[in-house]
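# Summary of the model geometry
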Amino acid sequence: MESETRVLRAAGGFGRARRLLAAASWLPCVALGLALGSEPLLTALPAHYCRPDPALLPPALRVLRGPALLDASVPRLGPARARSPCLLLRYPESASRARPNGTRPCTRGWYYTLPAAGLLRSPVTQWNLVCEDGWKVPLEQMSHLLGWLLGCVLLGAGCDWFGRRAVFVASLVLATGLGASEALAASFPALLALRLLHGGALAGFSLALYVARLELCDPPHRLVFSVAAGLFSVLGTLLLPGLALLAQDWRLLQGLSALVTGLLLLFWGFPSLFPESPRWLLATGQPARARKILWHFAEAGGADPEDSSEEESSLATATELDMLGAGSPQPRYHSILELRHTCIAWRNGLILGFSSLICGGIRASFLRSLTPSEPAFYQPYFLGAGLEAIATVFLLLTGDRWGRRPVLLLGTLVMGLASLLLLAGTQYLPEWTMWSLSVLGLLASQAVSALSSLFAAEVLPTVTRGAGLGLVLGAGFLGQAAAPLADLHGRRGFFLHHVVFASFAILALLCVLLLPESRGRGLPASVQDADRLCRSPLRGGRPGPDHLPLLPPTPRPQ
């Protein structure tokens with residue numbers, strides 16, 4: 001790891017070229033925000049009621065029109081006397097004039113209150129995914145989240161075997177094609193399959209971008225460049241409802257989203273904007289490819305590697321590259337299963353994956369507590385996006401000042417306490433207190449989720465960072481899938497869902513204490529380097545490799 005660090009520093013360190021590349025990698029996050037925000041928008045449930053069927057009415061009532069026909073056909077329920085969304089009135093068949101004696105399911109479809117989330121046409125209204133077919137909406141949500149989970153796991157491993165750039169470009173191509181195919185889906189089963197595959201492609205695109213950006217940065221800048229990308233994702237999420245109002249049709253909206261990813265491929269598909277990670281090339285024994293990229297970084301930063309005044313530094317870098325590639329004519333790839341033979345690295349990954357799982361699952365509980373009845377679309381949507389932006393700013397202000405582990409511990413504590421108080425005080429606490437606890441818990445879960453991803457990327461080795469981070473992120477999507485799973489059963493499992501994840505949050509609080517502090521440390525290159533991350537350099541330990549002074553330059557041959 002020290003040799004890799006000296007090579008990277010001798011090639012200009014985190015100079016102008018690497019800073020510009022890291023900052024440019026923020027822009028694709030806007031497309032990710034559009035993709036992540038599309039799921040609640042496409043599955044938003046509009047207010048609806050049955051379309052009257054005059055053939056089911058007594059002969060004397062069949063001549064009615066307008067509101068009178070609705071009143072004679074659709075029952076009104078509850079104190080608000082709202083029209084039933086799924087039932088029609090039943091009349092005796094023998095009598096010509098009679099009062100209704102029961103209800104029956106809808107027979108001629110539904111009237112919808114449109115637009116819903118800005119759309120005049122959505123998958124819900126096109127295929128009538130309401131009432132008896134309402135279970136198909138959480139099924140579609142689970143399918144999309146399952147795609148993200150599988151994409152994180154499979155394409156994360158691909159990042160370690162084929163490289164960050166290869167997975168990034170391939171995922172962009174797939175995401176563009178699958179997004180356009182979604183806009184042309186002819187049936188709900190076809191849409192279900194395409195959403196699954198599209199989620200997997202987006203996961204690979206997101207993961208490869210995150211890992212490559214992190215590996216470009218030195219320790220003082222890792223937090224800023226990694227976490228600040230979340231603000232661009234929030235920007236995309238906030239822009240999506242405006243695009244929906246302009247498009248008004250879900251197919252056109254999906255086509256616009258595919259166009260955005262296609263434009264990303266047009267620019268970020270070139271190696272100059274998204275080169276392969278030199279850190280990964282060095283860790284897997286590919287010094288020749290790393291040399292070209294590092295020389296390009298040095299030249300773009302204003303240094304000329306062939307200049308005689310830089311000859312000593314160039315010779316030292318070349319020597320280090322030759323040493324890194326010595327004895328390994330073929331690249332050396334590694335599997336995430338190698339972490340089984342470590343003492344500390346596997347434990348760190350397991351704890352952070354557990355933390356990500358809890359954040360993904362408990363977030364739905366806080367949102368449900370904020371909007372206990374069927375909410376309008378915009379309130380939870382913009383509230384979630386706003387709290388994500390606040391959580392990102394909080395991490396930017398505290399992550400380097402306090403350290404990763406204290407902030408993660410604080411966020412987990414707040415999340416667990418808020419969840420327990422909501423469980424215990426539902427019937428006793430005033431409404432404003434419940435609202436405050438829900439907002440605080442949702443904010444903490446957003447912060448812990450983002451910090452768990454960064455923490456995992458910093459403590460996992462370069463040779464398996466893609467697969468390891470993919471498992472951590474995949475655990476978060478698995479937790480999010482618990483909410484639509486509860487909806488499949490008519491929300492009867494919501495209370496148990498809340499109890500389970502609140503208990504897990506308290507358990508995670510104890511597990512976080514076992515994590516090392518990663519602030520100020522260099523990224524571990526090998527599995528052995530990751531297994532030695534057990535002592536913080538900020539508490540009197542050995543300084544991180546990225547902070548080691550450069551060795552004296554290699555003397556020039558006489």
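Each chain carries its own residue numbering, running from 1 in the direction its sequence is written. Only residues with pLDDT of at least 70 get local features here, since the model is predicted, and only at 80 or more are side-chain atom pairs given and counted; chain-wide, interface and lining totals rely on the full set of residues. Heavy atoms from the whole structure form the basis of all side-chain values; hydrogens and water molecules are not counted.

Under the annotation held in an unreviewed UniProt entry, the protein chain carries the name Solute carrier family 22 member 31 and is attributed to Callorhinus ursinus. UniProt positions are given in the numbering used here, feature names are shortened, and annotations may be inferred rather than shown by experiment. UniProt lists a comment for the protein chain under the heading Subcellular location (unreviewed entry), and it reads "Endomembrane system".

With that settled, the discussion passes to a nonpolar patch on the surface. Patches draw on residues past 30% relative accessible area with no salt bridge. Two like charges within 9 Å are joined, as are two nonpolar side chains (Val, Leu, Ile, Met, Phe, Trp, Tyr) within 5 Å. For accessible areas, the Shrake-Rupley method is used with a probe of radius 1.4 Å. Any residue's cover is judged against the shown protein chains and nothing else. For this analysis, a salt bridge means a side-chain nitrogen from Lys or Arg found within 4 Å of a carboxyl oxygen belonging to Asp or Glu. Taken together, the side chains of Leu-252, Leu-256, Leu-259, Leu-263, Leu-266 and Phe-267 present a nonpolar region at the surface, about 560 Å² in accessible area. As for its placement among the helices and strands, Leu-256 is situated in helix 11 (residues 250–268). Burial classification: accessible surface area is computed with a 1.4 Å probe over protein chains only, and a residue below 20% of its type maximum counts as buried, one above 50% as exposed, and the rest as partly exposed. According to the relative accessible area criterion, Leu-256 is partly exposed, its value standing at 32%. Secondary structure follows DSSP: runs of H or I at least 4 residues long count as helices, runs of E at least 2 residues long count as strands, and numbering of each begins at the N terminus.

This part is about the packing of aromatic side chains. Centres within 6.5 Å are what make two rings of Phe, Tyr or Trp a pair, Trp counting through its six-membered ring; a difference in plane orientation under 30 degrees is then read as stacked, over 60 as edge-to-face, and the rest as tilted. Counted according to the given criterion, the structure contains 17 aromatic pairs. Considering the side-chain rings of Phe-501 and Phe-504, the 6.1 Å spacing of their centres and the 85° angle between planes classify their relative orientation as edge-to-face. In this pair, Phe-501 and Phe-504 are both assigned in helix 21 (residues 494–512), three residues apart and thus about one turn of the helix distant. A network of ring pairs unites the aromatic residues Phe-377, Tyr-378, Tyr-381 and Phe-382 as a single cluster. Definition used: whenever NZ (Lys) or CZ (Arg) falls within 6 Å of the ring centre and also within 35 degrees of the ring normal, the charge is taken to sit over that ring. The positively charged end of Arg-51 is found above the aromatic ring belonging to Tyr-111, 4.5 Å away from the centroid.

The next point concerns unusual backbone geometry. Here the residue pair Leu-114 and Pro-115 is connected by a cis peptide bond, since its omega of 5° sits within 30 degrees of zero. For Ala-117, which is not glycine, the phi dihedral falls at a positive 55°. Structurally, Ala-117 can be placed in the loop between strand 6 (110–112) and helix 5 (123–126). Accessibility expressed as a relative area gives 7% for Ala-117, which makes it buried. The residue Cys-131 is not glycine, and still its phi comes out positive at about 55°. Note on placement: Cys-131 falls in the loop between helix 5 and helix 6 (136–162).

Time to look at the pattern of salt bridges. Tallied over the entire structure, the rule returns 13 salt bridges. A salt bridge links Arg-121 to Asp-249; the nearest nitrogen and oxygen atoms lie 3.6 Å apart. Of this pair, Arg-121 sits in the loop between strand 6 and helix 5 while Asp-249 sits in the loop between helix 10 (229–247) and helix 11, and the two are 128 residues apart along the sequence. The exposure class assigned to Asp-249 is buried, which follows from its relative accessible area of 19%. For the salt bridge of Glu-140 with Arg-195, the shortest nitrogen-to-oxygen distance reads 3.0 Å.

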